[in-house]
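Residue-level listing of the chains:
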Amino acid sequence: MDKIAIISLFLIFFSVITIILGIIKIHTYPGKVAEQRCHPQKDAIDATSVMGLIIFPLWMLALIWAYSGAVIGNLYEPPAQDDADDGAADPAPLSEQGER
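Residues numbered from 1 in each chain as written. Predicted model: local features only at pLDDT ≥ 70, side-chain atom pairs only at ≥ 80, totals over all residues. Heavy atoms only, no water.

1. Examining the overall build of the protein chain
Point 1. Counting its regular elements, the protein chain contains 5 helices and 0 strands.
Point 2. Element order for the protein chain, N to C, with α for helix and β for strand: α-α-α-α-α.
Point 3. The buried share among the 100 residues of the protein chain stands at 15%.
Point 4. For the protein chain, the share of sequence-separated contacts (at least 6 apart) that also reach a separation of at least 24 residues comes to 49%.
Point 5. Total accessible area on the protein chain stands at roughly 8400 Å², and carbon and sulfur atoms take up 66% of it. (Helix = DSSP H or I, 4+ residues; strand = E, 2+ residues; numbered from the N terminus. Buried < 20%, exposed > 50% of the residue type's maximum accessible area, 1.4 Å probe, protein only. Contact = heavy atoms within 4.5 Å. Areas by Shrake-Rupley, 256 points an atom, 1.4 Å probe, with all protein chains shown as cover.)

Next comes the structure, spelled out in structure tokens:
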């Protein structure tokens, strides 16, 4: 092989690897956004964005989902608050407040 063929082959391989790595970086972006924003369903967003490699609208859905903060389904329950520390957090029922 002459030098031109070797350089051309190297440039082709370099271009293919760069394109593949760029596609992977772009398709994992919604998962990274969800992780930075502490989204409760970041794993589901990450899986949806990777499935977007096959069906592109799923990637767009994952990106919107990551930025919106929406929780889909009943998979997330807010953390329980400790009411013992805050005595004023739970007001007394109307029957115990007295009449006005």
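2. Quick word on helix α4 (residues 56-68)
Point 1. Between its first and last C-alpha, α4 extends 19 Å over 13 residues, near the 18 Å set by a 1.5 Å rise per residue.
Point 2. Buried within α4 we find Trp59, Ala62, Trp65 and Ala66. Buried residues of α4 fall within an arc of 125° about the axis and therefore sit on the same side.
Point 3. Looking at the buried positions of α4, the neighbouring elements they touch are α1 (3-27), α2 (29-36) and α3 (42-51).
Point 4. Taken from the residues just after α4, glycine 69 is the one with a positive phi, measuring 80°. (Expected span 1.5 Å × (residues − 1). Arc of directions from axis to C-beta.)

3. Comments concerning the side chain of glutamine 41
Point 1. By secondary structure assignment, the location of glutamine 41 is in the loop between α2 and α3.
Point 2. Within polar-contact distance, the side chain of glutamine 41 engages the side chain of tryptophan 65 at 3.5 Å. (Polar contact = N/O pair within 3.5 Å; in protein donor to acceptor, adjacent residues only side chain to side chain.)

4. Focus on a nonpolar patch on the surface
Point 1. On the surface, a cluster of nonpolar side chains totalling about 1000 Å² of accessible area is made up of Met1, Ile6, Leu9, Ile12, Phe13, Val16, Ile17, Ile20, Leu21 and Ile24.
Point 2. Residue placement: methionine 1 occurs in the segment before α1. (Patch = residues over 30% accessible without salt bridge, like charges linked within 9 Å, V, L, I, M, F, W, Y side chains within 5 Å. Salt bridge = Lys/Arg side-chain N within 4 Å of Asp/Glu carboxyl O.)

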